[in-house]
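# Understanding the architecture of this molecule
Residue-level listing of the chains:
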Amino acid sequence: MALREILTVPDPLLKQKSAAVEVVDDGLRALMDDMLETMYAAPGIGLAAVQIGVPKRVIVMDLSPREGEQEPKYFVNPEIVWASEETAPYEEGCLSVPDIYDEVERPAKVRLRYLNYQGETIEEEAEGVYAVCIQHEMDHLDGVLFIDHLSRLKRERAVAKVKKAKQAA
Ligand code: NI
(Lines give C-alpha, C1' and ligand atoms only; values in the text may rest on other atoms or scores of the structure.)
Protein backbone atom coordinates (compact mmCIF):
# COMPACT_ATOMS: atom_id res chain seq x y z
CA MET A 1 0.00 0.00 0.00
CA ALA A 2 1.11 3.55 -0.60
CA LEU A 3 -0.01 7.01 0.34
CA ARG A 4 -1.10 9.08 -2.66
CA GLU A 5 -1.34 12.81 -3.03
CA ILE A 6 -4.88 14.20 -2.76
CA LEU A 7 -5.70 16.76 -5.47
CA THR A 8 -7.31 20.00 -4.34
CA VAL A 9 -9.33 22.67 -6.15
CA PRO A 10 -8.93 24.13 -8.70
CA ASP A 11 -7.15 21.04 -10.16
CA PRO A 12 -8.91 20.48 -13.52
CA LEU A 13 -8.86 16.69 -13.08
CA LEU A 14 -11.45 17.07 -10.30
CA LYS A 15 -13.91 18.33 -12.94
CA GLN A 16 -13.40 15.26 -15.13
CA LYS A 17 -16.01 12.51 -15.47
CA SER A 18 -14.57 9.16 -14.31
CA ALA A 19 -14.75 6.06 -16.51
CA ALA A 20 -16.53 2.82 -15.57
CA VAL A 21 -14.34 -0.04 -14.34
CA GLU A 22 -14.23 -3.07 -16.66
CA VAL A 23 -13.13 -5.70 -14.16
CA VAL A 24 -12.45 -5.90 -10.41
CA ASP A 25 -8.99 -7.47 -10.33
CA ASP A 26 -5.87 -7.34 -8.15
CA GLY A 27 -4.73 -4.14 -9.86
CA LEU A 28 -7.98 -2.43 -8.92
CA ARG A 29 -7.81 -3.84 -5.38
CA ALA A 30 -4.30 -2.36 -5.04
CA LEU A 31 -5.73 1.01 -6.07
CA MET A 32 -8.53 0.64 -3.49
CA ASP A 33 -5.95 -0.28 -0.80
CA ASP A 34 -3.94 2.87 -1.58
CA MET A 35 -7.12 4.97 -1.56
CA LEU A 36 -8.14 3.62 1.84
CA GLU A 37 -4.69 4.23 3.35
CA THR A 38 -4.65 7.76 1.91
CA MET A 39 -8.17 8.43 3.25
CA TYR A 40 -7.32 7.20 6.77
CA ALA A 41 -4.12 9.27 6.83
CA ALA A 42 -5.87 12.48 5.70
CA PRO A 43 -8.05 11.77 7.78
CA GLY A 44 -11.38 11.50 5.96
CA ILE A 45 -14.47 9.29 5.78
CA GLY A 46 -14.73 8.95 2.00
CA LEU A 47 -12.52 9.25 -1.06
CA ALA A 48 -13.09 8.91 -4.81
CA ALA A 49 -10.29 7.63 -7.08
CA VAL A 50 -10.26 10.85 -9.11
CA GLN A 51 -9.19 12.69 -5.96
CA ILE A 52 -5.82 10.89 -6.19
CA GLY A 53 -5.71 11.51 -9.94
CA VAL A 54 -7.23 8.23 -11.17
CA PRO A 55 -10.47 8.96 -13.07
CA LYS A 56 -12.15 5.57 -12.47
CA ARG A 57 -15.55 4.99 -10.88
CA VAL A 58 -14.21 3.78 -7.53
CA ILE A 59 -14.95 5.01 -4.00
CA VAL A 60 -13.72 4.00 -0.55
CA MET A 61 -15.46 4.90 2.70
CA ASP A 62 -15.33 4.21 6.42
CA LEU A 63 -18.01 5.71 8.65
CA SER A 64 -17.03 3.83 11.82
CA PRO A 65 -15.99 5.90 14.87
CA ARG A 66 -12.29 6.78 14.85
CA GLU A 67 -11.47 4.80 18.04
CA GLY A 68 -13.39 1.68 17.05
CA GLU A 69 -12.56 -1.09 14.63
CA GLN A 70 -12.11 -0.11 10.99
CA GLU A 71 -15.06 -0.90 8.73
CA PRO A 72 -13.94 -0.06 5.20
CA LYS A 73 -16.44 -0.10 2.35
CA TYR A 74 -15.54 -0.22 -1.33
CA PHE A 75 -17.76 0.85 -4.22
CA VAL A 76 -16.98 0.09 -7.86
CA ASN A 77 -19.27 1.54 -10.58
CA PRO A 78 -21.87 2.67 -8.00
CA GLU A 79 -25.33 3.66 -9.21
CA ILE A 80 -28.26 5.24 -7.40
CA VAL A 81 -31.28 3.19 -8.42
CA TRP A 82 -33.76 5.10 -6.24
CA ALA A 83 -33.72 8.31 -4.24
CA SER A 84 -36.30 9.57 -1.73
CA GLU A 85 -38.25 12.71 -2.46
CA GLU A 86 -37.57 13.77 1.09
CA THR A 87 -34.32 15.69 1.38
CA ALA A 88 -32.10 16.49 4.34
CA PRO A 89 -29.42 19.13 4.91
CA TYR A 90 -25.95 18.19 6.11
CA GLU A 91 -22.78 20.18 6.68
CA GLU A 92 -20.31 18.69 4.23
CA GLY A 93 -16.57 18.94 3.79
CA CYS A 94 -14.16 17.43 1.26
CA LEU A 95 -10.48 16.45 1.26
CA SER A 96 -10.16 18.23 -2.11
CA VAL A 97 -11.59 21.44 -0.60
CA PRO A 98 -9.76 21.40 2.76
CA ASP A 99 -11.10 23.37 5.74
CA ILE A 100 -14.29 24.46 3.97
CA TYR A 101 -17.63 23.26 5.33
CA ASP A 102 -21.11 24.16 4.21
CA GLU A 103 -24.62 22.80 4.16
CA VAL A 104 -25.84 20.80 1.17
CA GLU A 105 -29.37 19.46 0.73
CA ARG A 106 -29.65 15.95 -0.78
CA PRO A 107 -32.17 13.09 -0.88
CA ALA A 108 -32.40 11.69 2.66
CA LYS A 109 -32.46 8.05 1.54
CA VAL A 110 -31.08 6.30 -1.56
CA ARG A 111 -30.94 2.78 -2.90
CA LEU A 112 -27.53 1.82 -4.31
CA ARG A 113 -26.13 -0.81 -6.59
CA TYR A 114 -22.37 -1.35 -6.82
CA LEU A 115 -19.60 -3.93 -6.99
CA ASN A 116 -17.66 -4.56 -3.78
CA TYR A 117 -13.96 -5.37 -3.17
CA GLN A 118 -14.56 -8.93 -4.42
CA GLY A 119 -16.45 -7.75 -7.49
CA GLU A 120 -19.81 -8.98 -6.19
CA THR A 121 -22.96 -6.99 -6.96
CA ILE A 122 -24.48 -5.43 -3.85
CA GLU A 123 -27.77 -3.60 -3.59
CA GLU A 124 -28.63 -1.76 -0.39
CA GLU A 125 -30.30 1.30 1.08
CA ALA A 126 -28.40 4.16 2.63
CA GLU A 127 -29.64 6.87 4.96
CA GLY A 128 -28.16 9.36 7.41
CA VAL A 129 -24.44 10.05 7.03
CA TYR A 130 -24.07 7.03 4.74
CA ALA A 131 -26.54 8.53 2.25
CA VAL A 132 -24.81 11.92 2.43
CA CYS A 133 -21.35 10.46 1.97
CA ILE A 134 -22.15 8.14 -0.94
CA GLN A 135 -23.96 10.92 -2.84
CA HIS A 136 -21.04 13.31 -2.19
CA GLU A 137 -18.50 10.72 -3.40
CA MET A 138 -20.61 9.76 -6.43
CA ASP A 139 -20.72 13.42 -7.41
CA HIS A 140 -16.90 13.26 -7.64
CA LEU A 141 -17.24 10.53 -10.30
CA ASP A 142 -19.12 13.04 -12.44
CA GLY A 143 -16.70 15.89 -11.78
CA VAL A 144 -19.00 17.58 -9.27
CA LEU A 145 -17.79 18.93 -5.93
CA PHE A 146 -19.97 19.78 -2.92
CA ILE A 147 -19.13 23.46 -3.44
CA ASP A 148 -20.82 23.20 -6.86
CA HIS A 149 -24.09 22.87 -4.91
CA LEU A 150 -23.46 26.25 -3.22
CA SER A 151 -23.91 29.76 -4.60
CA ARG A 152 -21.32 30.99 -7.09
CA LEU A 153 -20.05 33.52 -4.56
CA LYS A 154 -19.51 30.87 -1.87
CA ARG A 155 -17.86 28.54 -4.40
CA GLU A 156 -15.43 31.16 -5.67
CA ARG A 157 -14.60 32.16 -2.11
CA ALA A 158 -13.91 28.54 -1.17
CA VAL A 159 -11.59 27.94 -4.14
CA ALA A 160 -9.71 31.19 -3.44
CA LYS A 161 -9.28 30.23 0.21
CA VAL A 162 -7.91 26.77 -0.66
CA LYS A 163 -5.51 28.26 -3.24
CA LYS A 164 -4.26 30.83 -0.77
CA ALA A 165 -3.75 28.24 1.99
CA LYS A 166 -1.81 26.02 -0.42
CA GLN A 167 0.45 28.86 -1.50
CA ALA A 168 1.14 29.75 2.12
CA ALA A 169 2.03 26.13 2.99
NI1 NI B 1 -15.21 15.09 -1.53
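The text that follows walks through the structure, step by step, so that each part is easy to find. (Residues numbered from 1 in each chain as written. Predicted model: local features only at pLDDT ≥ 70, side-chain atom pairs only at ≥ 80, totals over all residues. Heavy atoms only, no water.)

### Quick look at helix H3 (residues 152–168)
For H3, which comprises 17 residues, the first-to-last C-alpha distance of 24 Å matches the rise-based estimate of 24 Å (1.5 Å per residue) to within 8%. Every buried residue of H3 is listed here: Ala-158, Val-159 and Val-162. Burial along H3 is one-sided: seen end-on, the buried residues are contained in an arc of 95°. Away from the buried face of H3 by more than 90 degrees, exposed residues Arg-152, Leu-153, Arg-157, Lys-161, Lys-164, Gln-167 and Ala-168 are located. Looking at the buried side of H3, the elements it contacts are strand S5 (97–107). (Helix = DSSP H or I, 4+ residues; strand = E, 2+ residues; numbered from the N terminus. Expected span 1.5 Å × (residues − 1). Buried < 20%, exposed > 50% of the residue type's maximum accessible area, 1.4 Å probe, protein only. Arc of directions from axis to C-beta. Contact = heavy atoms within 4.5 Å.)

### Topic: the side chain of His-140
Its place among the elements puts His-140 in helix H2 (residues 128–141). Look past the residues within four positions of His-140 in its chain and what remains in contact with it is Gln-16, Ala-48, Val-50, Gln-51, Cys-94 and Leu-145.

### Section: the side chain of Glu-92
Position of Glu-92 relative to the elements: it lies in strand S4 (residues 87–94). With relative accessibility at 3%, the residue Glu-92 sits in the buried group. In terms of polar contacts, Glu-92 uses its side chain to reach the side chain of Arg-106, at 2.7 Å. A distance of 2.9 Å separates a polar atom in the side chain of Glu-92 from a polar atom in the side chain of His-136. The residues contacting Glu-92, other than those within four sequence positions of it, are Ile-100, Tyr-101, Asp-102, Val-104, Arg-106, Val-132, His-136 and Phe-146. (Polar contact = N/O pair within 3.5 Å; in protein donor to acceptor, adjacent residues only side chain to side chain.)

### Remarks on the layout of surface pockets
Its volume calculated, the largest pocket comes out at about 500 Å³. Taken together, the elements giving at least two residues each to the lining of the largest pocket come down to S4, S5 and H2. Ranked by residues supplied to the lining of the largest pocket, first place goes to H2 with six residues. Residue composition of the lining of the largest pocket, grouped by class: 14 nonpolar, six polar and four charged. Space inside the second largest pocket adds up to approximately 190 Å³. (1 Å grid on protein atoms, 1.4 Å probe; cavity = no way out; pocket = protein on both sides within 12 Å on 5 of 7 lines; lining within 4 Å. Points joined across faces, edges and corners; volume = space filled by probe spheres on them. Nonpolar A, V, L, I, M, F, W, Y, C, P; charged D, E, K, R; others polar.)

### Some thoughts on the packing of aromatic side chains
A ring pair, where both rings are aromatic, is described by two values, the distance of the centres and the angle of the planes. Here the structure, examined in full by the defined rule, presents three aromatic pairs. Ring centres of Phe-75 and Tyr-114 lie 4.5 Å apart, and the angle between their planes is 55°; on these two criteria the pair is classed as tilted. In this pair, Phe-75 is assigned in strand S3 (residues 73–83) and Tyr-114 in strand S6 (residues 109–115), connecting sequence segments 39 residues apart. The buried category is assigned to Tyr-114, whose relative accessible area is 6%. Summarising the aromatic geometry, the rings of Phe-75 and Tyr-130 are spaced 6.2 Å apart at their centres and angled 45° between planes, so their arrangement reads as tilted. Of this pair, Phe-75 sits in strand S3 while Tyr-130 sits in helix H2, placing them 55 residues apart in sequence. Exposure class is identical for Phe-75 and Tyr-130. Each is buried. An aromatic cluster of three or more residues is present, and its members are Phe-75, Tyr-114 and Tyr-130. For Arg-29, the ring lying beneath its charged end belongs to Tyr-117, and the centroid distance is 6.0 Å. (Phe/Tyr/Trp six-rings, centres within 6.5 Å; stacked < 30°, edge-to-face > 60°. Lys NZ or Arg CZ within 6 Å of the ring centre and 35° of its normal.)

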